[in-house]
Structure formats: structure tokens, C-alpha cells
Number of protein chains: 2
Amino acid sequence: MISINQIKELSTQTPSKIVLLVIDGLGGLPSPDTGKSELETAHIPNLDRLATKGICGMIDPVSPGITPGSAPGHLALFGYNPLEFIVGRGILEVLGIDFDVKKGDVAARGNFCTIDQTGIVTDRRAGRISTEKNTELCQELSNIVLKGAEVFVIPVREHRFALVFRGDELSGEVNDSDPQQVGLAPKSVVPLTPDARKIARLANDYIAKAKTILADHSPANMILLRGFSQHPDLPTMSEIYKLNAAAIAVYPMYRGLAKLAGMEILDAGASMEDEFDSLRRYYPDYDYFFIHIKKTDSSGEDGNFDAKVTALEEIDRLLTRIIDLDPDVLVVSGDHSTPAVLKSHSWHPVPVILYSKHCRPDNVREFSESACYSGALGRFPAAEVMALAMANARKLVKFGA
Amino acid sequence: MISINQIKELSTQTPSKIVLLVIDGLGGLPSPDTGKSELETAHIPNLDRLATKGICGMIDPVSPGITPGSAPGHLALFGYNPLEFIVGRGILEVLGIDFDVKKGDVAARGNFCTIDQTGIVTDRRAGRISTEKNTELCQELSNIVLKGAEVFVIPVREHRFALVFRGDELSGEVNDSDPQQVGLAPKSVVPLTPDARKIARLANDYIAKAKTILADHSPANMILLRGFSQHPDLPTMSEIYKLNAAAIAVYPMYRGLAKLAGMEILDAGASMEDEFDSLRRYYPDYDYFFIHIKKTDSSGEDGNFDAKVTALEEIDRLLTRIIDLDPDVLVVSGDHSTPAVLKSHSWHPVPVILYSKHCRPDNVREFSESACYSGALGRFPAAEVMALAMANARKLVKFGA
């Protein structure tokens, strides 16, 4: 596959517009009752028509057999090889709570926990304290001052919070302090590379100060940190593709992932319909739009086959609003599969439609797993979708003489 | 994909013969009138029969979405990863004028241009002087002598010429002297790596001497150089595949590309028919033949759908001359797509037929984009064609114990 640096040399700015519609958890599996997947069950005439006019295929978000998290699933669709560009758990957590994470920042996930008098962890979740209590305790922790870095503590839910370190020369290359089981003491944070000495010192200092502050707050009398990771500092879509890119997403995590890729975040309301309205409103102002639809994934995770079918049908009705804008390139796909029968993300490849005036249509006549696997795009890595979209938008010059 | 060094270990010499027929710009797009591509429109019974007997697929010359130049398109078919083996613009230019470029040489494209009294470029093309004038001026420039290298100046057409530096320890890693717009002075040639100091000095020295010689030749009173690049020094097909390879091509550039791969260049006449005659004449003497047909690409570039169809039908008639020779392996494909509707090279994958006694035929019954994409070869990188051809010719031994 072509590298980001190579494609950067080929990209060129034009007035043409690309729309990427990400139907989260799009791919499914057949219901044991009917033998049909969610997509095969849904009545989706507009998507079927788009599949007919466009070229179809199946994407592997990460690599065959690999079940993607939301970050690799999306980064791949944005054109980043998800095996190369990694978003750590700490960073993903703070993206999910809309924290404005910056280049250089190191983030970690935190738990309030319970330790006994000898310092041994007796409950990794501090009896799942209430979110209110959590907020109160984070308020107290926010008084901690460290030498050489700012630190932000943000409550998440129940016993969970997030921690962000901001300062010079930080690194995420340290181990967790969380021992992952009761009966052990919290671990010291140890640098895994020489560059990580500073963050290890900061983290241990923070933990010591938090322990003092929390001493009288049993069951939440200690903290555990894990998933230290640094802002991945991706080359932006503007740098690579010379795109003026914008994102429309209701959930913070997806806005955060788009922000990592350098997209502008548009106000999008709270419903699917609001998102499509937002696209129409901002359509003149950008040349690349990422629209994220969550409901398919959450229904899949709930194991609610029918709700996923209903969500697909709702998307299908709203699709005409994109079609009416007549984008030069329209890509419809998902960041991974979330089959209702599995109630989770899965490794199955995801159907994709690419539509443009120049796309060389194939014989696929409906948008489904079983139709798309015989599409002319074949089966290919999701990270190649972006080059195809750029080519169809006539935004890539010839490679080589 | 297997590396060239790995495949070298597996290759073995046998009497079997491979023929690669490259139909330049083969892939197309549907005509808006009929909904059929050039290949789908052409009456090509012999190619259809070959597709039926062989195994078919679609190749990506460089990477999905990437529009290839002629050099990467051909190198891929010869088995070189075109993202790794790069032929620079200067080298391609001198290949195109049949200059006998050698390992170590550095070539650049040149323009005669006009500068004013202050040295500012006022016309990058010197009013497009005639080719005759160009030849006359190149004759004068050929008196330039440089310390530490030979230099060749070769007229191309109108204001364009090519320059080749031959000497020890040269490199192509320098910037252009061409400022790419009027109103600026020509730039100094600056080394981009320490190894390029010598070529930068030679180029600047040459430019200064040319300026003196041309002073009274306004509008052609200065030169601009760009696309400095070095002979890519590819491992040859004889080294990698133990093949005694030969090339049949009417246009110099394709002969030049074949020469880079270590092929012998056969005299081929000027017509398509001459090329097929040449194949028959030399058939006993080599075990790999590359035959290049240009007409499909030039018709595509001209936007002449019907001429491309006619060229395909002519190729189909002549195909029997290859079939009659009964090569062990016959590969028919293109170096890229050149859809007449786009009037240019494009990113679309290219149909391929691989025929041999051992090829495991599929259900494809005609040679077209819409038939080949469901062929059993699937969609795959063009650089893998060579290993498939070698395997089918029984020229590769088992890999691993």
C-alpha cells in the first residue's frame, strides 16, 4: 500500500467534495431464524440504488480476523494504517469525554479503589461509588500541583476518571499502576524507555499526593492508573490530502477521533436527522465530510437485531438528503461489524459502496454483505478507501513519470 | 508480497517460454451512450477465447486509487514494486529519445527559456522555439566541457531538451533550477544530500556556461533544468528470474524501460503487425518476451473511444500469431487504464488474462473489465503477475522445506 508520505506528494486541492458516511458497526451476521443479516433484512431502497450506481466491495478495517476498536476502525477509513497509527486507551478515554486533548499530552484511565491498612488493593472499583461521589473526589484531586507539568483530572462514571498530563517532553511509555487484581499493592509507574522518566516521576508523585488526599475517603481511598498514552500527533488530512475536512458526530469519542485527523468539528445536534441537517448547512464550507451514525452499533452491542434493522432503514430514508447535495464522491461503509447475534464488535469485513461519476460500476444491485463480497472493489484494507475517494474526486495526480 | 531477493532464490532456468502482451492503457470506462467500456464494445473473439481457457483478474498497477505513469505501470508488470523502484523524470525523458543511458548516469529535463536583463525569467519556453532552432542551440551547448564528468545534451522538441551527466559518484538528489513560474530568477541547483554535492556543482557550472553561450540568442537566452534523476540500477530479469528476456516496442520509452530491466531490445518495425512479426522471428532465441502495443493508450488519451475499440480489434486479430507459437505462458494485460471518457491515464484496475496449461481456469468467458473482476485471480497488485507467470512456466522451485 502507498504510504502517507507518497500520497501527500500526489494530492491536490480541487473544488470537488467527498462525503464519508460511517454507519457504526454496519456489518452483521444472519439471524438464526431467517438466515438473513441485519442489512439483508432491512428495506433500504436508497442504499440499494446507490450500490447499483456505485462500485462495491468488502473492507477489512485492520487486517483479516482482527476485531477493531472504534479508533482503528475510524482511523483506517480516514486513510491511516491502523497498525501504524495507534490511539492509546488513555487518549481514547479523554476523547470520549470531549476533553480538548493537545499534542504532547499524556492521558491515563483512572479508577478509585480501596486499599487496606497494609496498602493491598481490596476492591479495584471502590465499591463502584456513585458518579456524584466521583465528581466530588475529582474536585479534591484537582488541587494537586506537580512540578514540571499541568495535570487535569476529569470524572467519567462511577469509579472511573481520566487524568491528563500536559508539559514538555512527556511520553506514554510507562506501565500501569493498576495491578489488575485484588490482593496486590498498586504498582509503581516505571519508565519503559529513557524518554519516559519524567512521566513516571509525575505519575508516581500524583499517586502519592492522591493517596494522602483520599486517606479518609474509604472505600475510595486510593487510585489506580492504566493505559498511559500520548496524543498520537497524526499528520492531518489537510497536510496529507490538502482537504478542508469536517466531522459530524453526536458522540464525543468520534468527534475526538476526527479532531486527531485534523477535522473541524461541526455542531450536529443529538439526532440522526440533526446530523444530516448539519451536513446540508455546512455543505458549502468544506470539501470532505465525515458523518458518524452510532445507532447501528449500539443496537448490535445490545443484541437487538430488530433495532439495528430499524436504524438501517432510518439511515436509508435520510440518505436522500446526502444524494440531493450531489457530492462528487460518496462513500458508505462502517468502522467494523457489530453483529446483533454476537452483541459485540467483530472481525467480519464490512460492506462498502463508493459512488462517483467515474467509479466504473459493477453488478452489485443491493447493499448487503452477500452482495458486496462479489463487488468489483473486491476485499481490501479499509485504509485504501481514502485513496480511492481522492482518485474519484480527481484530487490525485499521476504517480511517476 | 515476496521480495525480489526471495524470488531470486526460487527461480530456475527451463526451456519454457513466457510472453507478456502489454496493451497500453487497456482498462476503460463505460461510454455514456452505451454503458459499455471500450473492451466491452470491441469484437475480440480471440481474447475472449483466451480468457475462457485462462484465468482472469484485475490488477492494481501501483496501489488502489493511484494513477500510474508509464514507468511504474511497466515496472510493476516486470515484477518490480513500483513504490520501491522509482524511475525519475529526467531518466524517463532520455529513455524516450532512445539515448543509451548507463548505470550511474544522471539525467535532467531541460527547457530553453527567456530571461530579461536582470536575470528574471520572462518566458519559461522561450516562445516555443522550433525544433530546428533547438537542435542548433544544442549543437552549441555540446561544446561545454565540465571538470569531473562527461555531459550530453540532446534536443527533444520545440524548447525541450535533455541533459545527461556521466561520471563517478553522481546522484540525482538535487532540486530543479526551474522556478516553475515567470517573474522569478532561475534557482541554484542545491544538493539535498551530501552525496549530491558533485552533481550540484556540475549542474550549476553547466548552467553558467550555457548562459554565456546563449547570451545573444534571445528569446532562447537561458536554460532551466528539472527532474534530475539517476539511472535506477534495477536488478535485471536475468539476475532475478534467470530469464533471457527480450522486448518488442515501437516507442523508445518502452524499449528504454525494458532495457532498465535488462531486456534485449529487438528490432520491431513501426506497425503493430511488424511487432508480431518480430516476435515470430526471434521466438527461438529468448524465453521471455515483452510486447508493447501503444495505440490503445494514444486513442484513449485522445478521447477517441472508437479508435481504441478498433485498436483492440486489431490486436485481437493479431493475437493468433502469438497463440500459434504456443507459448507456455501468455499474459495479456495493460500498464494502466486510459478510459477514452477521461482522456488520460486513470487509477482504475486493469483486466488481466493468464494462460498456461496449468492455470486452473475460472468462469470468465470474455475479456472485459466487468467479466475479469469476478475472475479467480481476484484483484491484486500488478507486481505479482511476474511470479504467477514464472510459476505457470514451471520456473520457480518450492519455497521452504
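Counting restarts for each chain: residues are numbered from 1 in the order of the written sequence. Both sets of labels track the order of writing: A upward for chains, 1 upward for ligands. This being a predicted model, a pLDDT of at least 70 is required before a residue's local features are given, and a value of 80 or more before pairs of side-chain atoms are given or counted; all residues contribute to the totals for chains, interfaces and linings. Note: side-chain values were computed over all heavy atoms of the structure, leaving out hydrogens and water.

1. Concerning the relation of the copies chain B and chain A
Consideration 1: Overlay of chain B on chain A (RMSD 0.1 Å): rotation 123°, translation along the axis 0.0 Å. In the structure described here, the two chain copies are related by an operation that fits a three-fold rotation axis. Each copy is superposed on the other by least squares, with the fit set by C-alpha atoms of residues at a pLDDT of at least 70 in both.

2. A look at the environment of Phe165 of chain B
All names here are of chain B.
Consideration 1: Going along the chain from the N terminus, every DSSP run of H or I of four or more residues is numbered as a helix, and every run of E of two or more is numbered as a strand. Mapped onto the fold, Phe165 is located in strand 6 (residues 160-166).
Consideration 2: Relative accessibility thresholds used throughout: buried, under 20% of the residue-type maximum; exposed, over 50%; partly exposed, between the two (1.4 Å probe, protein chains only). The exposure class assigned to Phe165 is buried, which follows from its relative accessible area of 0%.
Consideration 3: Whether two residues are in contact is decided by their heavy atoms, any of which lying within 4.5 Å being enough. The residues contacting Phe165, other than those within four sequence positions of it, are Asp105, Val106, Leu146, Glu150, Val151, Leu170, Ile199, Leu202, Ala203, Tyr206 and Phe228.

3. Re the interface of chain B and chain A
Consideration 1: Between chain B and chain A, the contact holds 32 residues from the first and 25 residues from the second.
Consideration 2: As used here, buried area is the combined drop in accessible area, with a 1.4 Å probe, of two parts when they are placed together. Sorting the residues of chain B by area buried against chain A places Leu83, Trp347 and Tyr373 of chain B first, and these three jointly supply 28% of that buried surface.
Consideration 3: Think of a polar contact as two N or O atoms within 3.5 Å of one another; within protein, one of them needs to be a possible hydrogen donor and the other a possible acceptor, and neighboring residues in sequence only count if both atoms come from side chains. On inspection of chain B and its partner chain A, the count reaches 12 residue pairs in polar contact (both at pLDDT 80 or more).
Consideration 4: At the level of secondary structure, the elements contributing two or more residues to the side of chain B that touches chain A comprise helix 4 (70-77), helix 5 (89-96) and helix 13 (369-372) of chain B.
Consideration 5: Ranked by residue count, the leading element in the side of chain B that touches chain A is helix 4 of chain B, at 3 residues.
Consideration 6: Its residues placed into classes, the side of chain B that touches chain A shows 17 nonpolar, 12 polar and 3 charged. When residue character is reported, Ala, Val, Leu, Ile, Met, Phe, Trp, Tyr, Cys and Pro are called nonpolar, Asp, Glu, Lys and Arg charged, and the others, Gly included, polar.

4. Let's talk about the sheet that holds strand 10 (residues 288-293) of chain A
What links the strands of a sheet is backbone hydrogen bonding, and the strands pair in either a parallel or an antiparallel sense.
Residues and elements named next belong to chain A.
Consideration 1: Any two strands are treated as partners once DSSP identifies two or more bridges connecting them. Judged by pairing direction, the sheet is mixed, and its 8 strands sit side by side in the order 9-8-10-1-11-12-2-13 without closing on themselves. A strand with exactly one partner marks an edge of an open sheet, and here the two such strands are strand 9 (264-265) and strand 13 (378-381).
Consideration 2: When strand 1 (residues 18-23) meets strand 10, the two strands line up parallel, connected through 6 bridges. Counterpart to Ile23 in the pairing with strand 10 is Ile293.
Consideration 3: Helix 3 (residues 45-53) rests against strand 2 (55-60), strand 11 (329-333) and strand 12 (350-356) of the sheet, and its axis sits at about 65° to strand 12. Axis lines are fitted to C-alpha atoms, over the contacting stretch for helices. Their N-to-C directions set the angle, which ranges from 0 to 180 degrees.

5. Looking at the pattern of salt bridges
All names here are of chain A.
Consideration 1: Each salt bridge in this description consists of a side-chain nitrogen of Lys or Arg and a carboxyl oxygen of Asp or Glu lying within 4 Å of one another. Using the criterion set out here, one finds 36 salt bridges over all chains in the structure.
Consideration 2: A salt bridge links Arg160 to Glu93; its shortest N-O distance comes to 2.9 Å. Highlighted residues: Arg160 in strand 6 (residues 160-166) and Glu93 in helix 5 (residues 89-96), separated in sequence by 67 residues.
Consideration 3: A residue is classified by how much of its surface remains accessible, and Arg160, at 24% relative accessible area, is partly exposed.
Consideration 4: For Glu93, a relative accessible area of 8% gives the class buried.
Consideration 5: Here Lys133 and Glu136 are joined by a salt bridge, their closest N and O atoms 3.5 Å apart. Separated by 3 residues within a single helix, Lys133 and Glu136 lie in helix 6 (residues 131-141), roughly one turn from each other.
Consideration 6: Judged by its relative accessible area of 28%, Lys133 is partly exposed.
Consideration 7: Here Glu136 falls in the partly exposed class, since its relative accessible area comes to 46%.

6. Quick word on the packing of helix 6 (residues 131-141) of chain B against helix 7 (residues 197-214) of chain B
Residues and elements named next belong to chain B.
Consideration 1: Two numbers describe how helix 6 lies on helix 7: the axes approach to 10 Å, and their chain directions differ by 120°. Regarding the angle of helix 6 to helix 7, the classification is oblique. As helix 6 runs across helix 7, the sense of the crossing is right-handed. In contact with Leu137, Glu140 and Leu141 of helix 6, helix 7 contributes Tyr206, Ala210, Ile213 and Leu214. Throughout, the term roughly parallel applies to angles under 35 degrees, roughly antiparallel to angles over 145, roughly perpendicular to angles from 65 to 115, and oblique to all others. Should the near helix be turned counterclockwise from the far one by less than a right angle, the crossing is left-handed, whereas a clockwise turn marks it as right-handed.

7. Things to note about the sheet that holds strand 13 (residues 378-381) of chain B
All names here are of chain B.
Consideration 1: If you walk across this open sheet you meet the 8 strands as 9-8-10-1-11-12-2-13, and the pairing is mixed. Every interior strand has two partners, whereas the edge strands, strand 9 (264-265) and strand 13, have only one.
Consideration 2: As judged from the 5 bridges shared by strand 2 (residues 55-60) and strand 12 (residues 350-356), these two strands associate in the antiparallel manner. Following the sheet pairing, Cys56 is matched in strand 12 by Ile353.
Consideration 3: Relative to the sheet, helix 10 (residues 272-282) contacts strand 1 (18-23), strand 8 (245-248) and strand 10 (288-293), its axis offset from that of strand 10 by approximately 175°.

8. Points about the confidence of the model for chain A
Consideration 1: Within a predicted model, pLDDT stands for the predictor's per-residue confidence, ranging from 0 to 100. This prediction gives chain A a mean pLDDT of 97; 100% of its residues lie at or above 70.
Consideration 2: Interface confidence for the predicted complex, given as ipTM, is 0.92, next to a pTM of 0.93.

9. Here we look at the nonpolar core
Consideration 1: Throughout this description, the term nonpolar core refers to a set of buried Ala, Val, Leu, Ile, Met, Phe, Trp, Tyr and Cys residues connected via side-chain atoms within 4.5 Å. Among the nonpolar cores identified, the biggest contains 210 residues, and Met237 and Tyr288 of chain A together with Met237 and Tyr288 of chain B are the most heavily contacted of them.
Consideration 2: Not counting chain neighbours up to four residues away, the residues in contact with Met237 of chain B comprise Phe78, Tyr80, Lys242, Leu243, Ala245, Ala261, Met263, Tyr288 and Met386 of chain B.

10. Digging into helix 10 (residues 272-282) of chain A
Residues and elements named next belong to chain A.
Consideration 1: Taken together, the buried positions of helix 10 are occupied by Met272, Glu275, Phe276, Ser278, Leu279 and Tyr282. Across the axial projection of helix 10, the buried residues extend over an arc of 150°, all falling on one side.
Consideration 2: Next to the buried residues of helix 10 lie strand 1, strand 8 (245-248), strand 10, helix 11 (295-301) and helix 12 (305-325). Working note: the arc is built from the helix axis to C-beta atom directions.

11. Points about the pairing of strand 7 (residues 222-230) of chain A
Residues and elements named next belong to chain A.
Consideration 1: Of all 9 residues making up strand 7, 8 are buried, and the element is well covered by its neighbours.
Consideration 2: In terms of strand pairing, strand 3 (residues 106-115) meets strand 7 through 7 bridges, oriented antiparallel. Each residue of the ladder has a partner; that of Ala107, found in strand 7, is Ser229.

12. A look at the packing of aromatic side chains
Consideration 1: Ring geometry is summarised as follows: Phe, Tyr and Trp rings, the Trp one being its six-membered ring, pair when their centres sit within 6.5 Å, and such pairs are stacked at plane angles under 30 degrees, edge-to-face over 60 and tilted between the two. Counted by the stated rule, this structure contains 16 aromatic pairs over all chains.
Consideration 2: Ring centres 4.9 Å apart and planes at 70° place the aromatic pair Phe78 of chain A and Phe290 of chain A in the edge-to-face group. Separated by 212 residues along the polypeptide, Phe78 of chain A in the loop between helix 4 (70-77) and helix 5 and Phe290 of chain A in strand 10 bring together distant segments of the chain. Residue Phe78 of chain A shares its accessibility class with Phe290 of chain A, and that shared class is buried.
Consideration 3: Note on Phe165 of chain A and Phe228 of chain A: the rings are 6.5 Å apart at their centroids and 25° apart in plane angle, and the pair reads as stacked. In this pair, Phe165 of chain A sits in strand 6 while Phe228 of chain A sits in strand 7, placing the two residues 63 residues apart along the sequence. Both residues of the pair, Phe165 of chain A and Phe228 of chain A, belong to the buried class.
Consideration 4: Among the aromatic residues, ring-to-ring pairing joins Phe165, Tyr206 and Phe228 of chain A into one connected group.
Consideration 5: Between the NZ or CZ atom of Lys294 of chain B and the centre of the ring of Tyr251 of chain B, over which it lies, the distance is 5.8 Å. Charge over a ring is defined by NZ of Lys or CZ of Arg lying within 6 Å of the ring centre and within 35 degrees of the ring normal.

13. With respect to a nonpolar patch on the surface
Consideration 1: Put simply, a patch holds well-exposed residues, over 30% relative accessible area, that have no salt bridge, with like charges counted together within 9 Å and Val, Leu, Ile, Met, Phe, Trp or Tyr side chains within 5 Å. Surface accessibility follows the Shrake-Rupley procedure with a 1.4 Å probe radius. Residue values consider only the protein chains on display as shielding. A cluster of nonpolar residues, Val341, Leu342 and Trp347 of chain A, forms a patch on the protein surface that exposes about 250 Å² of accessible area.
Consideration 2: Relative accessible area serves as the criterion here: at 40%, Trp347 of chain A is assigned to the partly exposed category.

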